Amino acid sequence: MPGGGTFVLSDVRLIDGTGHAPSDHASLLIQNGKIAAISTNGSPLHAPQGATVLKLTGKTVMPGIINGHGHVGLVQGTSVGGGNYTGVNIERELVQYERCGVTTVMSLGMNKDLLYKFRTDQEKGEEGGATVLTAGRGIGVPGGVPPVNVGPDQIYRPATPEAARKAVREMAAHSPNLIKIWVDDNLGKLPQPNLNVDAAAIDEAHRANLRVAAHVYYLADAKQLIQDGVDILAHSVRDKPLDPDTVSLIKNKNIYYIPTLQLEESFYIYAQSPAWISSAFFRRSLSPQLAATLDSAAYKNRVQKDPSTAIHEKALSIAEANLRKLQAATAPIAFGTDSGANPYRIPGWAEHRELQLMVNSGMKPLEAIHCATEVNAKMLGLSDKTGAVQKGKQADLIVLDADPSQNIANTEKIAMVFHEGRRIKLAD
Ligand SMILES: [Zn+2]
């Protein structure tokens, strides 16, 4: 949705999303939804008649965040399931993302077909919030992953390669942005996936010029999917260290790897009362029902006694080590959170926490921001539109009170959000 007025953001520190060092004393002209001009080092920028000039000395501008792995319409309060999948609920979540500076969200499966129309309506300016992309319903395992209560109008669970091909062809007719497959057994609790079914889905998607993102957990599955031509690994490998051959294949085949570190942490971290649990930024992102749950003694007790908590902690540490290996090899590391998949993966907030976890695992703040902006735009085929603060791109921007290249937690200090040139209202 273009438009939204003419703004000059004057005298900011500019993080452009390319991974390069920030520019100081930069000014930006926003016009017709786009970044119309940029000046740096204090050189003058012509403000057209009628422009709103915002003098922002001391503030930092970065690109809007792109979440490459999220979900919409599954959660309401603390409930999860297909019954929540309505246009009203989807828009509510997309507004929450946008207010947190997440201006684009890839809804990676478990979507009803109404999201195709929602996507079109949003392009026409008839729906608000973060720009949503869709992987359609996606392809799960019969009786297995994803273990979410959604019906056949929201996921395919093909038992044979031919059924998988048919599912892909049905989705392809709607021009999804990606095809999603789930390859996992949920820590051995659910039936094994059939990799022949997944190979057929990948082949059929490629025949339709669609790329495939795979939910993975195990190294062995990731290796097979790489052989079968998968384009995106939508989670970290979390059972074993990545071996050098797999690292090389990911790099040389240019397979995007989305770490989703917050996913593992989300199983237990809130019960450990971290310092940020009372921060205004976190609290703003919680529904009243979720806040009540997280604050309850019953919840903390349950998580502390749950034997899988230790497994999730271990999985996170393996994921962090694998991220370090891929980074050392300069493999394409993208960005996503799995927010919206269940109540504990909190839209908008999770993306900022994910940046912090990527930095905790060894990335520099500008590198983590690069993954969440320019790299993700490339992964999603949006490079012409967004992902970097550059002349001609959409004005998808976050204005921050402090510089996240110094401390990644400063991405939470949001002063303003612009999405396609519109200044977004940050609260009701
Ligand atoms: Zn997911």
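Residues numbered from 1 in each chain as written. Predicted model: local features only at pLDDT ≥ 70, side-chain atom pairs only at ≥ 80, totals over all residues. Heavy atoms only, no water.

Colleague: Give a detailed account of the overall build of the chain, specifying residues and quantitative values.
Modeller: From N to C terminus, the chain includes 13 helices and 17 strands. The C-alpha radius of gyration of the chain comes to 21 Å, within 12% of the 22 Å expected for a compact globule of 428 residues. Its C-alpha atoms put the chain at 65 × 50 × 45 Å along the principal axes. With 428 residues in all, the chain has 60% of them scored as buried. Summarising the internal contacts of the chain: among those between residues at least 6 apart in sequence, 70% fall at separations of at least 24. Surface exposure of the chain reaches about 16300 Å², of which carbon and sulfur atoms provide 51%. Averaging the locations of the 43 positively and 43 negatively charged side chains of the chain gives two centres separated by 2 Å. (Helix = DSSP H or I, 4+ residues; strand = E, 2+ residues; numbered from the N terminus. Rg over C-alpha atoms; globule rule 2.2 N^0.38 Å. Buried < 20%, exposed > 50% of the residue type's maximum accessible area, 1.4 Å probe, protein only. Contact = heavy atoms within 4.5 Å. Areas by Shrake-Rupley, 256 points an atom, 1.4 Å probe, with all protein chains shown as cover. Lys, Arg positive; Asp, Glu negative; His and termini not counted. Charge placed at Lys NZ, Arg CZ, Asp CG, Glu CD.)

Colleague: Account for the coordination of the zinc ion, naming residues and giving values.
Modeller: Those donors, His69 (NE2), His71 (NE2) and Asp338 (OD), are the protein atoms that reach the zinc ion, and they lie 2.0 to 2.1 Å from it. Going along the chain, you hit the donors of the zinc ion in the pattern H-x1-H-x266-D. Accessibility assignment for this pair places histidine 69 and histidine 71 in one class, buried. (Donors = N, O, S within 2.8 Å, 3.2 Å for Na, K, Ca; no water.)

Colleague: Just give me the short version of the domain arrangement of the chain, but keep the residues and values in it.
Modeller: Domain parsing of the chain yields domain 1 (7-63 + 387-423) and domain 2 (137-268 + 306-336 + 343-347). In this structure, domain 1 and domain 2 have C-alpha centres spaced 35 Å apart. (Domains from an automatic or database assignment.)

Colleague: Tell me about the packing of aromatic side chains, and name the residues and values.
Modeller: The description of an aromatic ring pair uses the distance of the two centres, along with the angle that the planes make with each other. Scanning the entire structure with this criterion turns up nine aromatic pairs. An angle of 85° between the planes, with centres 6.1 Å apart, marks the rings of tyrosine 270 and tryptophan 276 as edge-to-face. Look at tyrosine 270 and you get buried, because its relative accessible area is 1%. Measuring from centroid to centroid gives 6.0 Å for tyrosine 270 and tryptophan 349, while their planes differ by 50°, and the two rings are tilted. Note that tyrosine 270 is positioned in the loop between helix H7 (261-265) and helix H8 (280-284) and tryptophan 349 in helix H12 (residues 349-360), a separation of 79 residues in sequence. In this pair, the class of tyrosine 270 matches that of tryptophan 349, namely buried. (Phe/Tyr/Trp six-rings, centres within 6.5 Å; stacked < 30°, edge-to-face > 60°.)

Colleague: Just give me the short version of the sheet that holds strand S14 (residues 256-257), but keep the residues and values in it.
Modeller: Sheet architecture is open: four strands sit in the order S11-S12-S13-S14, paired in parallel fashion. Because the sheet does not close on itself, it has two edges, and the strands there are strand S11 (179-182) and S14. Relative to S14, strand S13 (residues 232-233) runs parallel, the two being bridged by two bridges. Following the sheet pairing, isoleucine 232 is matched in S14 by tyrosine 256. Running at roughly 175° to S11, helix H4 (residues 195-207) makes contact with S11 and strand S12 (212-215) of the sheet. (Pairing = 2+ DSSP bridges. Axes fitted to C-alpha atoms, helices over the stretch in contact; angles between N-to-C directions.)

Colleague: Would you mind going over the nonpolar core in detail, with residue names and values included?
Modeller: Across soluble globular proteins, nonpolar side chains have a tendency to be buried as a group. Counting residues in each nonpolar core, the largest one holds 87 residues, and the members touching the most others are Leu94, Ile181, Leu225, Tyr270, Phe282 and Met358. Per element, the largest residue contribution to this core is six residues, and it comes from H12. Summarising the domain contributions, this core has at least three residues from each of domain 1 (7-63 + 387-423) and domain 2 (137-268 + 306-336 + 343-347). In this structure methionine 358 touches Pro259, Leu261, Leu323, Ile333, Ala334, Phe335, Met363, Ala368 and Cys371, once residues within four positions along its chain are discounted. (Core = buried A, V, L, I, M, F, W, Y, C linked by side-chain atoms within 4.5 Å.)

Colleague: Account for the side chain of threonine 131, naming residues and giving values.
Modeller: Here threonine 131 lies in strand S10 (residues 131-134). In terms of polar contacts, threonine 131 uses its side chain to reach the side chain of glutamate 420, at 3.3 Å. Setting aside chain neighbours within four positions, we find threonine 131 in contact with Thr103, Thr104, Val105, Gln122, His419 and Glu420. (Polar contact = N/O pair within 3.5 Å; in protein donor to acceptor, adjacent residues only side chain to side chain.)

Colleague: Which residues make up the packing of helix H5 (residues 219-227) against helix H6 (residues 244-252), and what are the values?
Modeller: Direction vectors running N to C along H5 and H6 enclose 40°, while the axes themselves pass 11 Å from each other. The orientation of H5 with respect to H6, classified from their angle, is oblique. Relative to H6, H5 is oriented so that their crossing is left-handed. Of the residues in H6, those in contact with Leu219, Lys223, Ile226 and Gln227 of H5 are Thr246, Leu249 and Ile250. Classifying every residue of the contact of H5 with H6 gives four nonpolar, two polar and one charged. (Parallel < 35°, antiparallel > 145°, perpendicular 65-115°, else oblique. Left-handed = near helix turned anticlockwise from the far one by under 90°. Nonpolar A, V, L, I, M, F, W, Y, C, P; charged D, E, K, R; others polar.)

Colleague: Summarise unusual backbone geometry; cite the residues concerned and give the values.
Modeller: Proline 146 follows valine 145 through a cis peptide bond whose omega is -10°. Summarising the element assignment, proline 146 is placed in the loop between S10 and helix H3 (161-172). A positive phi angle is found at asparagine 41, which is not glycine, with a value near 55°. As for its placement among the helices and strands, asparagine 41 is situated in the loop between strand S3 (34-39) and strand S4 (52-55). Judged by its relative accessible area of 65%, asparagine 41 falls in the exposed class. Positive phi, normally seen in glycine, also occurs at leucine 187, with a value near 55°.

Colleague: Describe helix H11 (residues 308-328), and please don't skip the residues or the numbers.
Modeller: An ideal rise of 1.5 Å per residue puts 30 Å on 21 residues; H11 measures up with 30 Å between its terminal C-alpha atoms. Where H11 is concerned, the buried positions are Ser308, Thr309, His312, Ala315, Leu316, Ile318, Ala319, Glu320, Asn322, Leu323 and Leu326. Backbone geometry just downstream of H11 places threonine 330 in the positive-phi region, at approximately 50°. (Expected span 1.5 Å × (residues − 1).)

Colleague: Describe in detail the pattern of salt bridges, supporting the description with residues and values.
Modeller: For the coordinates displayed, the defined rule picks out 19 salt bridges. Here aspartate 121 ties to lysine 124 by a salt bridge, and the two come within 3.9 Å at their closest N and O atoms. Looking at aspartate 121, the relative accessible area reads 10%, which means it is buried. Salt-bridge contacts for arginine 238 lead to glutamate 264; the nearest nitrogen and oxygen are separated by 2.6 Å. Residue arginine 238 is found in the loop between S13 and H6, and its partner glutamate 264 is found in helix H7; the two are separated by 26 residues along the sequence. By relative accessible area, which is 3% here, glutamate 264 ends up buried. Within the structure, one salt-bridge network assembled from shared partners comprises Glu162, Arg165, Arg169, Asp203, Glu204 and Arg207. (Salt bridge = Lys/Arg side-chain N within 4 Å of Asp/Glu carboxyl O.)

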